[in-house]
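Architecture at a glance
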Amino acid sequence: WAAGCIAIILVCISTDSNSAISAITSQTTPSKEAKDASFHLYLFGEDRGVPAHVKADNDWFITYGKWLECFPIEMERASARGLVFERSDGLRVRWRVGTLEAVVGSKRIKLPRTLRVFNDRLHIPLKVLCKLTNTRFIYDAGQNAGYVCAMLTEVQLMPATNGWQLNLRLTAPVTYRIDRLSNPDRIYIDLHDAVINYPPGVLLERHGSIASVRIGQFSTVPATARVVLDMDEPLNYEDRTEFDDNKRATRISLFIEDAKAPQPPIKPSINNIELQVSDRDTVTGIIRVERAYDYTAFTLIEPFRVVLDFRNADFVNPVGVQQIPKNPLVREIRTGMPDIDSERVARVVFELHRPAAFRIIEKRDEGLIIVRIGKGGWYGLVIVIDPGHGGRDPGARSPVGMFKERLIEKDLTLDIALRLNRMLMYAGAKPMLTRTTDCYVSLQDRVAFANAVNARAFVSIHLNAWPKPGGNWGTEVYYYTPQSRPLAEAVHKYLIMLLQRKDNGIRRRRFYVVRRTSIPSVLVEACYINHPEDGRLLQDDEFREKIAKAIFLGLHDYFGVPWNLQLQGEEIVEDVAQHVASDAPTQMQPEGEAPNQQ
Ligand SMILES: [Zn+2]
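Below is a summary of the structure that appears in this document.

The rules we used
- Residues numbered from 1 in each chain as written.
- Predicted model: local features only at pLDDT ≥ 70, side-chain atom pairs only at ≥ 80, totals over all residues.
- Heavy atoms only, no water.
- Helix = DSSP H or I, 4+ residues; strand = E, 2+ residues; numbered from the N terminus.
- Buried < 20%, exposed > 50% of the residue type's maximum accessible area, 1.4 Å probe, protein only.
- Contact = heavy atoms within 4.5 Å.
- Areas by Shrake-Rupley, 256 points an atom, 1.4 Å probe, with all protein chains shown as cover.
- Core = buried A, V, L, I, M, F, W, Y, C linked by side-chain atoms within 4.5 Å.
- Domains from an automatic or database assignment.
- Phe/Tyr/Trp six-rings, centres within 6.5 Å; stacked < 30°, edge-to-face > 60°.
- Lys NZ or Arg CZ within 6 Å of the ring centre and 35° of its normal.
- Salt bridge = Lys/Arg side-chain N within 4 Å of Asp/Glu carboxyl O.
- Pairing = 2+ DSSP bridges.
- Axes fitted to C-alpha atoms, helices over the stretch in contact; angles between N-to-C directions.
- Expected span 1.5 Å × (residues − 1).
- Polar contact = N/O pair within 3.5 Å; in protein donor to acceptor, adjacent residues only side chain to side chain.

1. Considering the overall build of the protein
Summing up its helical and strand segments, the protein has 7 helices and 42 strands in all. Across the 598 residues in the protein, those meeting the buried criterion constitute 54%. By sequence separation, contacts in the protein at least 24 residues apart represent 64% of the contacts at least 6 residues apart. On the protein, roughly 26700 Å² of surface is accessible, and the fraction owed to carbon and sulfur atoms is 48%.

2. Points about the nonpolar core
It is characteristic of soluble globular proteins that their nonpolar side chains tend to be buried jointly. The biggest cluster of nonpolar side chains holds 72 residues, and the ones touching the most others in it are Ile287, Leu308, Phe310, Phe350 and Ile551. With 8 residues, the top contributor of residues to this core is helix 7 (residues 541–558). Per-domain counts for this core show at least three residues from each of domain 3 (269–376 + 563–579) and domain 4 (382–558). When near neighbours in sequence (up to four residues on either side) are disregarded, Ile551 contacts Leu420, Val459, Ile461, Val491, Leu495 and Val524. Membership of the second largest hydrophobic core comes to 60 residues, among which are Cys130, Ile189, Leu191 and Ala249.

3. Focus on the packing of aromatic side chains
Here the structure, examined in full by the defined rule, presents 10 aromatic pairs. Cluster of aromatic residues (ring-pair linked, three or more members): Phe39, Trp60, Phe137 and Tyr139. The ring of Phe218 has Arg226 lying over it, and the distance from NZ or CZ to the ring centre is 4.0 Å.

4. Side note on the pattern of salt bridges
Going through the model one piece at a time under the given rule, you end up with 31 salt bridges. Put simply, Arg240 and Glu238 hold a salt bridge, and the shortest N to O gap is 3.4 Å. Overall, the relative accessible area of 37% leaves Arg240 in the partly exposed class. Classification of Glu238 by relative accessible area gives partly exposed; the value is 42%. As a salt-bridge pair, Glu351 and Arg334 come within 2.5 Å of each other at their nearest N and O atoms. Of the two residues, Glu351 sits in strand 32 (residues 343–352) while Arg334 sits in strand 30 (residues 330–336), which places them 17 residues apart along the sequence. Residue Glu351 shares its accessibility class with Arg334, and that shared class is buried. Shared partners join several salt bridges into a network, and the residues in it are Arg94, Asp415, Arg419, Arg422, Asp541, Arg544 and Glu545.

5. As for the sheet that holds strand 6 (residues 73–79)
Spatially, the 5 strands line up as an open sheet ordered 6-7-8-9-10, and their pairing is antiparallel. Of all the strands in the sheet, the pair left with one neighbour each is strand 6 and strand 10 (107–110). Along the sheet, successive strands turn relative to each other by an average axial angle of 20 degrees, direction set aside. In this structure, strand 6 lies alongside strand 7 (residues 82–87), joined through 6 bridges in antiparallel fashion. Bridge pairing in strand 7 places Ala78 opposite Leu83.

6. Quick word on the sheet that holds strand 20 (residues 210–220)
On the basis of which strands lie adjacent, the open sheet formed by 5 strands has the order 16-17-21-20-19 and antiparallel pairing. Of all strands in the sheet, those bounded by a partner on one side alone are strand 16 (176–181) and strand 19 (201–204). Neighbour to neighbour, the strand axes of the sheet diverge by 25 degrees on average, direction disregarded.

7. Considering helix 7
Between its first and last C-alpha atoms helix 7 spans 26 Å; for 18 residues at 1.5 Å apiece the expected length is 26 Å, and the two agree. Taking the backbone nitrogen of Glu542 as reference, a side-chain oxygen 3.2 Å away marks Asp540 as the first, capping residue of helix 7.

8. Describing the environment of Ala356
You can see Ala356 is positioned in strand 33 (residues 356–363). Considering only alpha carbons, one finds Ala356 and Arg372, 16 residues apart in sequence, at a separation of 10.0 Å.

9. Here's the deal with the pairing of strand 40 (residues 521–528)
Two faces belong to every sheet, and in a regular strand the side chains alternate between them. The buried fraction of strand 40 is high, at 8 of 8 residues. For strand 37 (residues 457–464) and strand 40, the ladder comprises 6 bridges, and the chain directions are parallel. Opposite Val459, over in strand 40, you have Val522 as the bridge partner. Sheet topology note: the strand 38 (residues 475–479)/strand 40 ladder contains 3 bridges and is antiparallel. Its bridge partner being in strand 40, Val477 is matched across the sheet by Val524.

Function cannot be read off these values alone, since they describe shape.
Given below as structure tokens:
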């Protein structure tokens, strides 16, 4: 056995490349609005009949409705103004009516058409939606039918005990069929309502008794993508896919028995990963390791993950990707072998639905590493978010002429508050807002509200203004009671870190809302609305998202969710502990090099 001969092959297929079948999706129709009464729609194999729609601009504008549930997205918000949804790869898509672009993650993507309102109802251009959801639209002119299909984006062949594991990943759930053929011996997997987005042909060359792995588009209408394994002899196989109730899956796993596959290594090897759910609040991952090992444990966010990297180790039984259905904490476990600093590590990832506390217990004598994941310290706690001003009280404004449109504090504070609200909700806390619309709320009512709802923290969001426009800029955090100081410090730390504006410090002031609330309370002046650079940044969605995120992370720290985050490039990571020898104490390494993100 040599380290070099383990074969982990990952073929990532670009979702942007063109393929042969895109030719049949193009068509020429003059831009006019009409009904196309014979148009038939098939979504991932399901016949949806003739949907209510308006045909315009060479696309079918479909009304928002139940059919949208078929797409591999999680709808967060849908209104007459637009859509916000999360894609299957975890990226959030923001798409507004009237703008020829969408924001995917933090990237702006130009679109040929956009959301429109016909007869007071939001209509979604079908072909553009496919583009935004990494699915593929195929138009069959003969039948006047549209087919929305999944894309095959990943083909992976990994050694497993006594054989190989073939993993396929798609952008949406599909049904499939696995069978064998002879002369020559081969196994094929037909993926229904799926397309390859890659030139057909051989993807992987010889591995043990597997001569090659090929992909192709078996048919286009209906679309069937085919993956073929050519073999020297008829090998046994076992379908290890975890499919849903409708026998659909986005990840397909096939085990192929092969005596010529690489044998288990002599290096430290991770034999087994087991998950125990003791109750709804705790999940225990048990990792069995043979021989001496050293590892690093750390956390990543977006999505929240607990990661263990075992140096110079191998997996005997790679999990690949194992989803944990219906678990409130852990979404999936996966294993991989990324190169970190040109060294191969065996990586175990616990992907979480929300931040959680975790603890690692080592039982080296028994070769066990126990990862205990529990709910974080703020789960279900009420946190009051107070967007400053509102209604007849606009707050501060940028001077006429500084920007194209005047910036008004009450609008921006509400925008930031709603972003923070979403983050906290997603992370398991219970945020409550003193206002959710542009309305006037007195300071007395804001304080009374915070005291009445049994909140555990109060954050008032404001933007500052200097008497002379442009005279000052940067970030301040205010508090009054001594018990509020730690919260002010935590929020301030992340505002400075993320916004990178001038640090005007943490200040003790007798502001009404921080003085009269009985709970830890802070007032954030994120930056100056009447400063040219601060104001320019405030007009940017991403900057306001950063303000919300900084407050989120401050609260996160304050409530002792043990997720002491640091910035590393664009990713926020924590180097929890570096375990270098079996009896070395756990050391915090705040300045340590953080491992790469998986
Ligand atoms: Zn204010």
